Amino acid sequence: MKKINTENAPKALGPYSQAVVSGNLLFTSGQGGIDPAKGTLLEGLEAQTEQVMKNIEALLKEAGTDFSKVVKTTCFLKDMNDFKDFNEIYGRYFTEKPARSCVAAADLPGGFLVEVEVIAEL
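Keep in mind the model is a prediction, meaning the values are calculated, not measured. (Residues numbered from 1 in each chain as written. Predicted model: local features only at pLDDT ≥ 70, side-chain atom pairs only at ≥ 80, totals over all residues. Heavy atoms only, no water.)

In this section: the overall build of the protein. Scanning the protein from terminus to terminus reveals two helices and eight strands. Dimensions of the protein, computed from C-alpha atoms along their principal axes, come out at roughly 35 × 30 × 20 Å. In the protein, which comprises 122 residues, the proportion classed as buried is 43%. (Helix = DSSP H or I, 4+ residues; strand = E, 2+ residues; numbered from the N terminus. Buried < 20%, exposed > 50% of the residue type's maximum accessible area, 1.4 Å probe, protein only.)

Within this structure, the stated rule accounts for zero disulfides. Of the cysteine sulfurs around C75, a residue in no disulfide, the closest is that of C102, at 4.9 Å. (Disulfide = S-S within 2.5 Å.)

This part takes up the pairing of strand 6 (residues 70-77). Sheet topology note: the strand 6/strand 8 (residues 114-121) ladder contains seven bridges and is antiparallel. Looking at the pairing, F76 lines up with E115 of strand 8. The handedness of the strand 6 to strand 7 (residues 99-104) crossover, carried by helix 2 (residues 83-93), is right-handed. (Pairing = 2+ DSSP bridges. Right-handed = clockwise from strand over helix to strand, strands pointing away.)

One open sheet holds the six strands; their spatial order is 1-2-3-8-6-7, and the pairing between them is mixed. Bordering the open sheet on either side are strand 1 (2-4) and strand 7, each of which pairs with just one other strand. With strand direction ignored, the average angle separating the axes of adjacent strands in the sheet is 15°. Two strands pair when backbone bridges link them, and strand 2 (residues 19-22) and strand 3 (residues 25-28) are joined in this way by four bridges, in the antiparallel orientation. Residue pairing for strand 3: A19 is matched across the bridge by T28. Set on the sheet, helix 1 (residues 45-63) makes contact with strand 1, strand 2, strand 3, strand 6 and strand 8; between it and strand 8 the angle comes to about 25°. Packed onto the sheet, helix 2 meets strand 6, strand 7 and strand 8 and runs at close to 150° relative to strand 7. (Axes fitted to C-alpha atoms, helices over the stretch in contact; angles between N-to-C directions. Contact = heavy atoms within 4.5 Å.)

Looking at the element boundaries, G33 is found in the loop between strand 3 and strand 4 (34-35). The class of G33 is buried, set by a relative accessible area of 0%. Sequence separation between G33 and M53 is 20 residues, and the spatial gap between their C-alpha atoms is 8.5 Å. Ignoring sequence-local partners within four residues, the contact set of G33 consists of T40, L41, L42, Q48, Q51, V52, F112 and V114.

Shown next as structure tokens:
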């Protein structure tokens, strides 16, 4: 197992890795809308979702892969009323339409409105 770390995604908020490679698969930890350069959480669902995608992209790139190789996503929304707005942004990045689960979470860490984790082929 190989750990993936990059300054272009937020540091882990706890005792875990940003991502790990096992075999030919990348598993990312959940990414929230934190700007890694400033270490601050962006305001609003749209801004957080865009940042989540940038953070995922940074991890994919560091591991040598990209959005087209994502096979599964797990998405957490604080409020399911945000589903449509989230999907509009999500769909611009995940054009290959990987398998997905999307659930409401009563409370996400750090005040996140959205969190996404992915599994991708290398």
